[in-house]
Amino acid sequence: MSEMTPIGQPLLEVRNLSKNFGPVQALNDLTMMVRAGEVVALAGDNGAGKTTLIKAISGVYQPSSGEILLQGKPVSFASPQEARDIGIETIYQDLALADNLTIGANIFLGREPMRRAFGFLPVLDRAKMAEAAKSTMALLDFHVSRLDAPVSNFSGGQRQAVAIGRAVYWNAQILIMDEPTAALGVPEQRKVIQLIHQLKAQGRGVIFISHNLQDIFAVADRIVVLRRGVQAGERRISETTHDEVVKLMVGG
Amino acid sequence: MTSPPAATSHVAPQADHADKARTVLQRVADLRAWLFLAFLIFGFEIWSRLSFGGTFLFNPFNIQSIAVFAVAPLLLATGQTFVIISGGIDLSMGFIMGLAAVVAAHVINWLTPGLGFWPAVLLGSLVAVAVSAIPGFINGLLVALLKVPPFIGTLGMFGVARGVAFLLAGGTTVPVKNEVFAALGNGKIYGVPYIILVTAVFVLVMHYLLGQTRFGQHNYAIGANAQAARRAGINIKWHLLRLYILSGMCAGLAGVLYAARFSAGAAQAGEPLLLDSVAAVVIGGASLFGGSGTILGTVAGAFVIAVIQYGLVFINVAPFWQFISVGVVIIISVLIDQAQRRFSGGRQSE
Ligand SMILES: Nc1ncnc2c1ncn2[C@@H]1O[C@H](COP(=O)(O)OP(=O)(O)OP(=O)(O)O)[C@@H](O)[C@H]1O
Ligand SMILES: [Mg+2]
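Residues numbered from 1 in each chain as written. Chains lettered and ligands numbered in written order. Predicted model: local features only at pLDDT ≥ 70, side-chain atom pairs only at ≥ 80, totals over all residues. Heavy atoms only, no water.

Concerning the overall build of chain B
Moving on, step 1. Across its full length, chain B holds 14 helices and four strands.
Moving on, step 2. At 22 Å, chain B has a C-alpha radius of gyration in line with the 20 Å of a compact globule built from 350 residues.
Moving on, step 3. With the C-alpha coordinates of chain B rotated into their principal frame, the extents come out at 80 × 55 × 35 Å.
Moving on, step 4. A total of 350 residues make up chain B; the buried ones form 51% of that total.
Moving on, step 5. Long-range contacts, defined here as pairs at least 24 residues apart, represent 79% of the contacts in chain B between residues at least 6 apart.
Moving on, step 6. Of the roughly 16,100 Å² of accessible surface on chain B, 73% is carried by carbon and sulfur atoms.
Moving on, step 7. Taken as two groups, the 18 positive and 10 negative side-chain charges of chain B have centres that lie 7 Å from each other. (Helix = DSSP H or I, 4+ residues; strand = E, 2+ residues; numbered from the N terminus. Rg over C-alpha atoms; globule rule 2.2 N^0.38 Å. Buried < 20%, exposed > 50% of the residue type's maximum accessible area, 1.4 Å probe, protein only. Contact = heavy atoms within 4.5 Å. Areas by Shrake-Rupley, 256 points an atom, 1.4 Å probe, with all protein chains shown as cover. Lys, Arg positive; Asp, Glu negative; His and termini not counted. Charge placed at Lys NZ, Arg CZ, Asp CG, Glu CD.)

See below:
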């Protein structure tokens with residue numbers, strides 16, 4: 001896994017990326033960049049190519065052409081696992097948590113720490129998992145008292161925090177979220193926006209897709225608007241307005 | 001991972017109360033099999049004192065008979081617990097047990113003249129357990145690689161194992177001519193039958209495997225959310241393959257102990273036990289939807305069934321009441337599971 005990139009330095013670059021599914025050109029010559037400590041929102045109408053873009057970045061799809069650079073070095077992934085191994089983590093909409101397991105067990109799912117009981121018997125190191133859960137969640141300013149409860153006991157926003165916490169624990173540099181607030185109530189949406197602020201403060205890069213301009217203006221530094229697979233525009237949030245973004249999305 | 005957390009709001013502290021109530025309820029539900037068991041034993045104790053002034057619980061003969069009675073269903077049920085937690089079911093275990101009993105009988109008979117009593121017993125038992133891994137392996141291939149639903153795949157294996165077992169047994173029971181095997185199957189040490197000791201050790205190992213290892217942890221994760229497990233990098237196919245081999249071998253061990261106890265192999269040895277094993281798991285608190293269950297719960301579940309079956313005979317009630325009582329306990333268990341599921345699932349669906 002790579003070193004943390006200094007805040008403001010380029011973390012991830014996408015250059016002239018295209019992806020077609022047979023005759024369908026889902027992405028066409030797209031270029032964008034994410035810096036360390038920067039939140040980039042992807043916006044665009046349905047079918048604009050947002051999901052295709054993040055799937056190409058996270059190793060789900062192989063690009064048809066173009067390149068992806070992480071900290072200046074070209075990378076390519078045969079699987080999402082490979083992308084994750086070098087620090088690009090995707091938070092899936094359906095969260096990918098095992099509801100019956102604790103926060104710690106979810107953070108360590110698939111890479112559980114072991115210890116030796118009685119000096120010889122390998123057993124799961126639950127204390128270590130609980131400890132990591134506690135410190136990671138605290139890092140996200142999310143204070144849990146119930147470290148032995150299954151995550152099904154927590155609310156949607158809390159569960160989102162667990163999924164993000166897992167990525168943070170494994171030191172993800174880039175977090176990608178496809179509509180992280182879509183399934184949540186208003187207070188929970190706020191909490192997720194706060195989580196994204198935390199990730200930014202920690203110097204990570206965040207890419208998130210949202211149809212909610214409110215959310216985008218609340219947390220993003222920049223917005224990249226897609227339209228039918230091409231980049232329709234890119235703006236700094238501080239220098240644009242809802243109206244302008246909507247115009248870019250619909251074209252006109 | 002070193003930057004300090006910024007000052008922000010606190011997450012819903014009022015949720016903690018509800019969480020505690022929920023956890024207490026979960027604990028009670030988790031312990032339901034032990035509560036059933038205590039209730040049943042208490043009931044039989046009262047009944048036997050009132051009706052003939054004797055004791056039920058404090059008679060070592062009763063305890064031992066119940067334990068011996070529980071051995072085979074419990075062995076099947078421990079394997080079944082793993083499978084059910086993973087979200088599957090293994091319907092073939094009963095006949096894999098019969099197959100293993102027949103194989104053990106044949107191999108021991110075949111080896112005894114050449115090798116002597118002890119080597120024949122050891123080798124024969126090993127071969128029988130190893131053979132039981134074959135149908136388990138095929139179940140695993142069907143479920144893991146060919147994506148056959150476990151209910152269907154293992155139902156097919158139910159038929160195949162049954163047929164093979166009866167063919168090997170020539171349609172009858174196969175008596176074992178080896179006095180060491182018989183002695184082991186019926187012998188005791190300090191009053192405790194060997195087969196109970198073997199079972200107890202095995203159950204402890206399975207308890208460890210489920211509760212303390214990655215294999216067990218992944219089993220829970222797969223049962224709750226297979227997609228999440230896959231995304232976390234868990235090799236689900238490989239896990240399921242080993243899982244069904246494990247359940248096949250549990251049945252194999254049950255078959256060997258059966259053959260030792262009765263000094264005979266019979267294809268139908270496990271036939272009535274399959275449903276008991278599923279019932280034990282369900283009474284023990286596992287959900288047939290997968291994701292929950294424990295070996296200790298299953299132990300209690302198996303004893304609930306054994307106590308009902310033995311106790312009703314003990315107090316001289318027509319044996320058909322067994323079916324009714326076990327059935328009622330299963331239904332109550334499932335109702336508790338569903339109530340609990342609704343209660344703790346409420347948040348998720350919001
Ligand atoms: N696997 C696929 N096979 C064929 N076509 C696809 C595939 N995935 C996406 N597409 C097409 O590519 C285009 C972009 O789809 P994509 O899912 O990236 O859009 P989106 O911006 O995420 O839309 P939404 O806002 O609805 O989620 C669409 O025309 C879609 O039909
Ligand atoms: Mg999409």
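Now that the structure has been shown, we can carry on.
Details of the site of ligand 1
Residues and elements named next belong to chain A.
Moving on, step 1. Around ligand 1, the surrounding shell consists of Phe21, Ala26, Asp45, Asn46, Gly47, Ala48, Gly49, Lys50, Thr51, Thr52, Tyr61 and His211.
Moving on, step 2. In the model, an oxygen atom of ligand 1 is placed 2.9 Å from a nitrogen or oxygen of the asparagine 46 side chain.
Moving on, step 3. Lysine 50 places a side-chain nitrogen or oxygen 2.7 Å from an oxygen atom of ligand 1.
Moving on, step 4. Sorting elements by how many residues they give to the shell around ligand 1 places helix H1 (residues 50–57) first, with three residues.
Moving on, step 5. By residue class, the composition of the shell around ligand 1 is four nonpolar, six polar and two charged. (Near = heavy atom within 4 Å. Polar contact = N/O pair within 3.5 Å; in protein donor to acceptor, adjacent residues only side chain to side chain. Nonpolar A, V, L, I, M, F, W, Y, C, P; charged D, E, K, R; others polar.)

A short note on empty space enclosed by the protein
Residue and element names in this part refer to chain A.
Moving on, step 1. Evaluated as defined, the whole model comprises two cavities of 30 Å³ or more.
Moving on, step 2. In this structure, the largest cavity occupies an estimated 130 Å³ of space.
Moving on, step 3. Considering the residues around the largest cavity, the lining is formed by 13 residues, among which Arg84, Glu89, Thr90, Ala96 and Arg166 are closest to the centre.
Moving on, step 4. There is about 40 Å³ of room inside the second largest cavity.
Moving on, step 5. In this structure, the second largest cavity is lined by Ser58, Pro80, Arg84, Ile88, Glu89, Thr90 and Tyr92.
Moving on, step 6. Elements supplying a minimum of two residues to the lining of the second largest cavity: helix H2 (80–85) and strand E6 (88–91).
Moving on, step 7. Among the elements that make up the lining of the second largest cavity, the one with the highest residue count is E6 (three residues).
Moving on, step 8. Residue composition of the lining of the second largest cavity, by class: three nonpolar, two polar and two charged. (1 Å grid on protein atoms, 1.4 Å probe; cavity = no way out; pocket = protein on both sides within 12 Å on 5 of 7 lines; lining within 4 Å. Points joined across faces, edges and corners; volume = space filled by probe spheres on them.)

Side note on the pairing of strand E12 (residues 230–236) of chain A
Residues and elements named next belong to chain A.
Moving on, step 1. Sheet topology places strand E11 (residues 222–227) next to E12; six bridges connect them, and they run antiparallel. Within E12, the position partnered with valine 225 by the bridge is glycine 233.
Moving on, step 2. Where E11 hands over to E12, the hairpin turn is made up of two residues, of which arginine 228 adopts a positive phi near 45 degrees. (Pairing = 2+ DSSP bridges.)

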